[in-house]
Amino acid sequence: MTTLSTKPKPSTLHTLTVDPLAPYNRVHSLLYSLGILALLYHHCTTFLAPPSFLSLLLFLADLVLAFMWGLVQPFRWRSVRRREFPDRLIDTVGRKNLPALDVFICTADPHKEPPMSVVSTALSVMAFDYPTDRLSVYISDDGGSEVTLFAFMEAAMFARYWLPFCRENGLQERSPEAYFSSSVGGNSDKMKVLLESSKDTDIMGDALPNLIYLSREKNINSPHHFKAGALNTLVRVSSIMTNAPVVLTLDCDMYSNDPQAPLRALCYLLDPAMASNLAYVQFPQHFQGLNEDDIYGGEVKRLFRINPRGVDGFSGPSYVGSNCFFDRRALHPSPLAPLSSHDASEPRDRGSLHLDSVLKRAHEVASCNYEVGTKWGSTIGFRYGSLVEDYHTGYRLHCEGWKSTFCDPERPAFVGDAPKNLNDALGQVKRWCIGFLEVAISKHNPLTFGIRNASLPVGLCYAYYAYWGSWCIPLTIYAFLPPLALTYQKRLFPEVFDPWFYLYVYLFLAAYITDLVDFLRAKGSIHRWWNDQRIWMVRGLTSHLFGTIQFALNHVGISTPGFNVTSKVIEEEQSERYDKGMFDFGIASPFFVILGTAAIVNLSSFVIGIARAARIEGVFNEMFLHLFLSGFIVVNCLPIYEAMFLRKDGGKMPGNVTLISILVAGFFYLIGYFMFII
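Throughout this document, residue positions are counted from 1 along each chain, in the order its sequence is written. The model is predicted, so local features are restricted to residues of pLDDT at least 70 and side-chain atom pairs to those at 80 or more, both for listing and for counting; the totals for chains, interfaces and linings are taken over all residues. Computation of side-chain values: all heavy atoms of the structure, hydrogens and water removed.

**So, the overall build of the chain**
At step 1: Each helix and strand counted, the chain has 25 helices and 13 strands in total.
At step 2: For a compact globule the rule gives 2.2 Å times the number of residues to the power 0.38, and the radius of gyration it is set against comes from C-alpha atoms. What you see for the chain is a C-alpha radius of gyration of 27 Å, in line with the 26 Å of a compact globule of 678 residues.
At step 3: Along the three orthogonal principal directions, the C-alpha set of the chain runs to about 90 × 50 × 50 Å.
At step 4: The 678 residues of the chain split such that 58% are buried.
At step 5: All accessible areas in this document rest on Shrake-Rupley with a 1.4 Å probe, and a residue is counted as covered only by the protein chains that are shown. Just so you have it, the chain exposes about 27800 Å², and 61% of that area is on carbon and sulfur atoms. In DSSP terms, a helix is any run of H or I states spanning at least four residues, a strand is any run of E spanning at least two, and both are numbered starting from the N terminus. Relative accessible area decides the class of each residue, using a 1.4 Å probe on protein chains only: under 20% of the type maximum gives buried, over 50% gives exposed, and in between gives partly exposed.

Right, dumping it as structure tokens:
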């Protein structure tokens, strides 16, 4: 049986080129570093006089901004582009010698993750351009839903017709849901082999891939570790049943959009120059159905495309939870105990999936008590200890000496759904922030453990995400402190024509222009970039702030809401508003209270500042930076004002949220009075 020991000729399967702008990025980094040092020096000179609480707050904000800017620089230092050649792989290795592939798909809640969407994802990967006798698809259903099981039993019958239809018509988009839409608690474990390659064929007589459904055992007395636990169960079960040397993990809504994706991944995994320590090949996440201007920043372009290219110039990108082909050795270096005399390190023989001995052993390794006293989740498999098991797993693998690579072909290999509800989108990022902070305060802190065990640039890249929640500090301070100072005419920044004024202008414009260039080069648009920078500020005041607070409360033992699956379901009216580019504030969320408060404080301060500047000579020059910051925030808050005061549809901000925001804004002005006047 073929494993990853197949040895094609090196340097024929893929190419790598360094970003031509890399030297310019390094020069910019040097110049911007000098600007930041000058700004911090300016802050320090103000401390020669007795420092005020306000100056300390502003210094803290700029210090955190400088810290986060420093962490992001390795992403820009040696960004690379790769290209792979699947046709050469077939010519070199031979189709019959391709390694076996196990695909893991996880689902947890049939109400938030519709079974038909999960079925479409499974069928899209079953239709890979790959030998079907070497392809196995595993479904982990943590919801234990009978509806999901029934859907897959029906899918097993439909696959007999769908797979040959895809081959005969040369379809690239092989998710039935995408194709047809574009054309026109505690439970015991359940395991069911729905299709077996050696026995089941399609209507053309060709073998079908294996399809195995699993609902793992759960017990209130045993932690189940959410998605990481489900993936580790699939690693163990698949090692008993098929034991393919290559493993693909997919989100349940992330369907295959390129049937040659496995061949592209194998261009790296089968390269003898890389194979010995290559843990995984990560494809970017692309999303369907985003409105024209992507008002919620659903692409998350910097996380899924720009930054992975940057860190790919070092040890490779982080694992992002889906669209990732693993070398099984990285997840499970020591094979489970073999069945009878069979070598556990080899792929299992076809035709053995229904054997009692195989099923019994698979049930054993799927039991909720199997991991007790083992290293699963600590040094074996997907890692526990963080809500972001993907980030944590990729990080630990890099610290163990493994490398990864980023594969971003012209045609998106996988396409899925992004949240199209603002509250859900912010809630998802809040959960990420909590998970990142869990790694940041652990013994595996990227600034210590990561730099020591991986490298300086890789440690800094992982630290950037670990401290992602820190954005809430400068963004919250800048959202409220300058407008309050503007209202009470307390100058915090240099006036126009002061030499330090030009430093602030340079730092702001250079940061925004650089971000815009990166975004446009990643095939973004100016409108989408504008919404992306707006949602960055929105996340800072909501997701990052509330995530940091929730993490702190959890850390001191105060109970807060646990893990929630991001809903993939959207109501028809919400969908219509989203397609029109209208923000949805239709529920009473604490996220919207803080956004409404910031919008009101900045609008009222901007109006007061403009009125004062029109009446009093010199005020405009003296308070220009305050006016600019408040005006910039006001422009970004236009959808919030519309939702608070103008809209009548279901996406308007609830009246009680608007009222609370006004009251909290008044409270902020009261605090400002004591800070600036008394």
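The structure having been displayed, the exposition proceeds.
**Looking at a nonpolar patch on the surface**
At step 1: A contiguous nonpolar surface patch, about 900 Å² in accessible area, is contributed by Phe53, Phe667, Leu670, Ile671, Tyr673, Phe674, Met675, Ile677 and Ile678.
At step 2: Per-element tally for the nonpolar patch: the top contributor is helix H25 (residues 655-676), with 6 residues.
At step 3: In this fold, Leu670 is placed in helix H25. Residues enter a patch when their relative accessible area is above 30% and they make no salt bridge; the linking distance is 9 Å between like charges and 5 Å between nonpolar side chains (Val, Leu, Ile, Met, Phe, Trp, Tyr). Put simply, a salt bridge is a Lys or Arg side-chain nitrogen that is within 4 Å of an Asp or Glu carboxyl oxygen.

**Side note on empty space enclosed by the protein**
At step 1: A cavity here means a set of 1 Å grid points, computed over protein atoms only, where a 1.4 Å probe fits but cannot escape. A pocket is an open set with protein on both sides within 12 Å along at least 5 of 7 lines, and lining residues have an atom within 4 Å of a point. Grid points are joined across faces, edges and corners, and a volume is the space filled by probe spheres set on the points. Roughly 170 Å³ of volume is contained in the largest cavity.
At step 2: Surrounding the largest cavity, 13 residues form its lining, Asp19, Ser79, Arg81, Ile306 and Asp518 being those nearest its centre.
At step 3: Breaking the lining of the largest cavity down by element, the ones donating at least two residues are helix H2 (53-77), helix H9 (301-311) and helix H17 (499-521).
At step 4: With 4 residues, H9 is the single largest residue contributor to the lining of the largest cavity.
At step 5: Charged means Asp, Glu, Lys or Arg here, nonpolar means Ala, Val, Leu, Ile, Met, Phe, Trp, Tyr, Cys or Pro, and polar covers whatever is left, Gly included. For the lining of the largest cavity, the residue count by class is 3 nonpolar, 3 polar and 7 charged.
At step 6: In terms of lining, the second largest cavity is formed by 17 residues, of which the most central are Arg216, Pro223, His224, Ser367 and Cys368.
At step 7: If you tally residues by element for the lining of the second largest cavity, the top one is helix H7 (residues 226-241), at 3 residues.

**A look at the sheet that holds strand E5 (residues 190-195)**
At step 1: Here 8 strands make up an open sheet; going across it, the order is E5-E6-E4-E3-E7-E11-E9-E12 and the pairing mixed. Across the chains shown, the open sheet's two edge strands, defined by having one partner strand only, are E5 and strand E12 (403-406). Across the sheet, the mean angle separating the axes of adjacent strands is 20 degrees when strand polarity is ignored.
At step 2: Here the rule is simple: two strands pair whenever DSSP picks up at least two bridges between them. Here strand E7 (residues 246-251) runs beside strand E11 (residues 324-327); their pairing, made up of 4 bridges, is antiparallel. Paired with Val246 across the bridge in E11 is Asp327.
At step 3: Relative to the sheet, helix H5 (residues 146-169) contacts strand E3 (101-107), strand E4 (135-141), E5 and strand E6 (210-215), its axis offset from that of E5 by approximately 15 degrees.
At step 4: The strands touched by H7 within the sheet are E3, E4, E5, E6 and E7, with E3 carrying the most contacts at an inclination of about 150 degrees. Only the stretch in contact is used when a helix axis is fitted, and all axes are lines through C-alpha atoms; the angle between N-to-C directions ranges over 0 to 180 degrees. The contact rule is simple, with two residues in contact once any of their heavy atoms fall within 4.5 Å.

**As for the pattern of salt bridges**
At step 1: The tally for this structure, following the rule as stated, stands at 29 salt bridges.
At step 2: The partner of Arg528 in a salt bridge is Glu299, and the shortest N-O contact between them spans 3.1 Å. Residue Arg528 is found in helix H18 (residues 526-541), and its partner Glu299 is found in the loop between strand E10 (286-288) and H9; the two are separated by 229 residues along the sequence. For the pair Arg528 and Glu299, one class covers both residues: buried.
At step 3: Three or more residues are tied together by salt bridges with common partners; here these are Glu573, Arg577, Asp584, Arg647 and Asp649.

**Section: the sheet that holds E10**
At step 1: Pairing within the open sheet is mixed, and its 3 strands lie in the order E8-E13-E10. Unpaired on one side and paired on the other, strand E8 (255-256) and E10 mark the two borders of the sheet.
At step 2: Pairing between E10 and strand E13 (residues 414-417): 3 bridges, direction parallel. When the sheet's bridge partners are listed, Gln288 is paired in E13 with Asp417.

**Some words on the pairing of strand E2 (residues 80-84)**
At step 1: Residues Val80, Arg82 and Glu84 line the buried face of E2, whereas the alternating positions Arg81 and Arg83 sit on a face that is not buried.
At step 2: Across 5 bridges, strand E1 (residues 14-18) lies against E2 in antiparallel orientation. Looking at the pairing, Leu16 lines up with Arg82 of E2.

**Structural notes on the packing of aromatic side chains**
At step 1: Ring pairs shown here join Phe, Tyr and Trp side chains whose ring centres sit within 6.5 Å, with only the six-membered ring taken for Trp; geometry is labelled stacked below 30 degrees between planes, edge-to-face above 60, and tilted in between. What the rule picks out here adds up to 55 aromatic pairs.
At step 2: Summarising the aromatic geometry, the rings of Phe287 and Phe304 are spaced 5.9 Å apart at their centres and angled 50 degrees between planes, so their arrangement reads as tilted. Placement of the pair is Phe287 in strand E10 and Phe304 in helix H9, with a sequence separation of 17 residues.
At step 3: Since its relative accessible area comes to 6%, Phe304 is described here as buried.
At step 4: Seen from their ring centres, Phe501 and Phe624 are 5.9 Å apart, and the 65 degrees between their planes marks the pair as edge-to-face. One end of the pair, Phe501, is in helix H17; the other, Phe624, is in helix H23 (residues 624-636), and 123 residues separate them in sequence.
At step 5: Using a relative accessible area of 8% as the deciding quantity, one classes Phe501 as buried.
At step 6: With relative accessibility at 26%, the residue Phe624 sits in the partly exposed group.

**Description of the environment of Glu168**
At step 1: Its location among the elements puts Glu168 in helix H5.
At step 2: Taking relative accessible area as the criterion, Glu168 reaches 54% and is therefore assigned exposed.
At step 3: Taking C-alpha positions, Glu168 is 20 Å from Ile90, a pair spaced 78 residues apart along the chain.

**Regarding the environment of Lys375**
At step 1: Along the chain, Lys375 falls in the loop between helix H11 (356-366) and helix H12 (389-399).
At step 2: Residue Lys375 is classed as exposed on the basis of its relative accessible area of 54%.
At step 3: In sequence terms Lys375 and Ser238 are 137 residues apart; their C-alpha atoms lie 18 Å from each other.

**A few points about the confidence of the model for the chain**
At step 1: Across the chain, pLDDT averages 90, with 92% of residues at or above 70.
At step 2: pLDDT expresses how confident the predictor is about each individual residue, on a scale running from 0 to 100. Ignoring residues within four places in sequence, the model shows residues 337-344, a span with pLDDT below 50, making 14 contacts including any to other chains.

**Here we look at the packing of helix H16 (residues 472-487) against H25**
At step 1: Relative orientation of the contacting elements H16 and H25 amounts to 65 degrees, with a least axis distance of 10 Å. The angle between the axes of H16 and H25 places the two elements in the roughly perpendicular class. Where H16 crosses over H25, the two elements pack in a sense that is right-handed. Judged by residue contacts, Phe480, Leu481, Leu484, Ala485 and Thr487 of H16 engage Phe668, Tyr669, Met675 and Phe676 from H25.
At step 2: When its residues are assigned to classes, the contact of H16 with H25 shows 8 nonpolar, 1 polar and no charged. These descriptions rest on fixed angle ranges, namely under 35 degrees for roughly parallel, over 145 for roughly antiparallel, 65 to 115 for roughly perpendicular, and the rest for oblique. Each crossing is labelled by how the near helix is turned from the far one, with a counterclockwise turn of less than a right angle marking it left-handed and a clockwise turn marking it right-handed.

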